[in-house]
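# What the coordinates show
Chain by chain, the residues:
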Amino acid sequence: MNNQCVVYVTDVEYSFPTILSALQARKFASTATDICVLMSEHLDNFGELKGLLAMSGVELIDATAALQDSLGKLDGSHFQGRISVSTMAKLVLCQVLPADYTQIIYLDGDTQIVSNLAELENAVAPEGKFFAARDYTSINNLLHTGRDSHYFNAGVLKFHRNGWIGQEALELFVKNPEACEGKHDQGALNYVCGSSLILVSNRWNFPKQFLHLVNMSSLSIVHYMAHPKPWHGTFFPWSDAESQVYLDLRKSHPVYDALYRGITFDRKMLYKYRSIRERIKHALQKDKPNPRVQSLLVGDYVV
């Protein structure tokens, strides 16, 4: 077994986009890095999906029992149906993943891997430290006020198994959820991180909201946080290419197609209307790649 993995945690609802990202990660990662998808819920055709993914070099793991042991008691109290176990699972990955993995790269399922992961793989997270990039809110604040912030997004993380602050963040969430400011796992991690954070380039976690302000060729991981999502269609600021990969995956095998979850016609029309409006606004303003945004991608970063 390798000592490094890229790991995702998903429930049934998010399994389709998560698998797309995992297959992209397998394409862009070294064979010395394992790609794992942990299921937090029972999936009827688990065996068939596991075999299909194994042929592409992705390991599907039934983590329902392990995650229930770690988070189950919170599911009915603190989560109250509003927060999925898969969302909080990053905090307890060290209890769930095999002990061989010391370098752990965690990715949300609504990410796309668009270029080589070698630099992120080769950058070793020291014990007690972790890598993360600025959150959308930090970037938005920088663009509008010029003030920088190290508030990070928890959708892409790399950490050393020893000294991972996940358990500390989980205890904070349980005892003082208000301190998380409605951001759950992300708020808790930001609250307790202290000097363990090593801020990395946003090329490893680039928010979809700013795609029109950057050259896609300079990115490695795009994060499609918030709605709408690219597996539901092409909406500003991304192009048909970013949505087409999901259509291609659905067509590639009936098992993948069966995992897809769509949206209502009304919601799709609302997103289309907003998208057209934003695309026209962008065209009129003639937005170019923004130097401030570009500066988040290069600089004195470990990676």
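Residues numbered from 1 in each chain as written. Predicted model: local features only at pLDDT ≥ 70, side-chain atom pairs only at ≥ 80, totals over all residues. Heavy atoms only, no water.

In this section: the overall build of the protein chain. On a plain count of helices and strands, the protein chain comes out with 13 helices and 10 strands. Its C-alpha atoms give the protein chain a radius of gyration of 19 Å, within 12% of the compact-globule value 19 Å for 303 residues. Taken along its principal axes, the extent of the C-alpha atoms in the protein chain is 55 × 45 × 40 Å. Counting the 303 residues in the protein chain, one finds 53% classified as buried. Excluding contacts between residues fewer than 6 apart, the proportion of contacts in the protein chain whose partners are at least 24 apart in sequence is 74%. Carbon and sulfur atoms provide 52% of the accessible area of the protein chain, an area that totals close to 13,600 Å². Placing the 29 positive and 31 negative side-chain charges of the protein chain at their respective mean positions leaves the two points 8 Å apart. (Helix = DSSP H or I, 4+ residues; strand = E, 2+ residues; numbered from the N terminus. Rg over C-alpha atoms; globule rule 2.2 N^0.38 Å. Buried < 20%, exposed > 50% of the residue type's maximum accessible area, 1.4 Å probe, protein only. Contact = heavy atoms within 4.5 Å. Areas by Shrake-Rupley, 256 points an atom, 1.4 Å probe, with all protein chains shown as cover. Lys, Arg positive; Asp, Glu negative; His and termini not counted. Charge placed at Lys NZ, Arg CZ, Asp CG, Glu CD.)

What follows is about empty space enclosed by the protein. In this structure the tally under the stated criterion is 1 cavity of 30 Å³ or more. Looking at the largest cavity, its volume works out to about 50 Å³. Every residue along the wall of the largest cavity is listed here: L120, F131, A132, A133, V156, L157, K158, V200, W204 and N205. No other element matches strand 7 (residues 156-160), which puts 3 residues into the lining of the largest cavity. In terms of residue class, the lining of the largest cavity is made up of 8 nonpolar, 1 polar and 1 charged. (1 Å grid on protein atoms, 1.4 Å probe; cavity = no way out; pocket = protein on both sides within 12 Å on 5 of 7 lines; lining within 4 Å. Points joined across faces, edges and corners; volume = space filled by probe spheres on them. Nonpolar A, V, L, I, M, F, W, Y, C, P; charged D, E, K, R; others polar.)

In this section: the nonpolar core. Membership of the largest hydrophobic core comes to 43 residues, with the highest contact counts inside it found for Y8 and L49. Listed by contribution, the elements that provide at least two residues to this core are strand 1 (4-10), helix 1 (15-28), strand 2 (33-39), helix 2 (46-54), strand 4 (103-107), helix 10 (240-252) and helix 11 (254-259). Broken down by element, the residue count for this core peaks at 7 residues, all from helix 1. Listed in part, the 40 residues of the second largest apolar core include V9, A89, L157 and W164. (Core = buried A, V, L, I, M, F, W, Y, C linked by side-chain atoms within 4.5 Å.)

The calculated volume of the largest pocket comes to roughly 800 Å³. Considering the residues around the largest pocket, the lining is formed by 31 residues, among which T87, D108, D110, D185 and H223 are closest to the centre. When residues of the lining of the largest pocket are traced back to their parent elements, those giving at least two are strand 1, helix 4 (85-88), helix 7 (136-145) and helix 9 (184-192). The element best represented in the lining of the largest pocket is helix 9, accounting for 3 residues. Among the residues forming the lining of the largest pocket, the class breakdown is 8 nonpolar, 14 polar and 9 charged. For the second largest pocket, the calculated volume is near 600 Å³.

Now for the sheet that holds strand 4. Strand order across the open sheet formed by 7 strands is 3-2-1-4-7-6-8, with mixed pairing between neighbours. Edge positions in the sheet fall to strand 3 (59-62) and strand 8 (197-199), since each of these pairs with one other strand and no more. With strand direction ignored, the average angle separating the axes of adjacent strands in the sheet is 25 degrees. Sheet topology note: the strand 2/strand 3 ladder contains 4 bridges and is parallel. (Pairing = 2+ DSSP bridges. Axes fitted to C-alpha atoms, helices over the stretch in contact; angles between N-to-C directions.)

A word on the environment of K281. Examined against the element boundaries, K281 turns out to sit in helix 12 (residues 265-285). Its relative accessible area of 42% is what places K281 among the partly exposed residues. In the structure, K281 is positioned 220 residues away from I61 in sequence and 45 Å away in space, judged by C-alpha atoms.

The strand order 5-10-9 describes an open sheet built from 3 strands, whose pairing is mixed. Edge positions in the sheet fall to strand 5 (111-113) and strand 9 (206-207), since each has one partner strand and no second.

Okay, the packing of aromatic side chains next. Per the counting criterion, the structure on display carries 11 aromatic pairs. Centre to centre, the rings of Y136 and F210 are 5.3 Å apart; their planes meet at 25 degrees, and the pair counts as stacked. Of this pair, Y136 sits in helix 7 while F210 sits in the loop between strand 9 and strand 10 (221-223); the two residues are 74 residues apart in sequence, bridging distant segments of the chain. R250 extends its terminal NZ or CZ atom over the ring of Y260, reaching a point 3.8 Å from the ring centre. (Phe/Tyr/Trp six-rings, centres within 6.5 Å; stacked < 30°, edge-to-face > 60°. Lys NZ or Arg CZ within 6 Å of the ring centre and 35° of its normal.)

This part is about the side chain of S138. Relative to the helices and strands, S138 resides in helix 7. Residue S138 is classed as buried on the basis of its relative accessible area of 3%. From its side chain, S138 meets the backbone oxygen of Y151 in a polar contact 2.7 Å long. Among all residues touching S138, those that are not within four sequence positions of it are S149 and Y151. (Polar contact = N/O pair within 3.5 Å; in protein donor to acceptor, adjacent residues only side chain to side chain.)

On the surface, a nonpolar cluster with roughly 340 Å² of combined accessible area is contributed by I276, I280 and L284. Within the element layout of this structure, I276 appears in helix 12. Given a relative accessible area of 53%, I276 falls into the exposed group. (Patch = residues over 30% accessible without salt bridge, like charges linked within 9 Å, V, L, I, M, F, W, Y side chains within 5 Å. Salt bridge = Lys/Arg side-chain N within 4 Å of Asp/Glu carboxyl O.)

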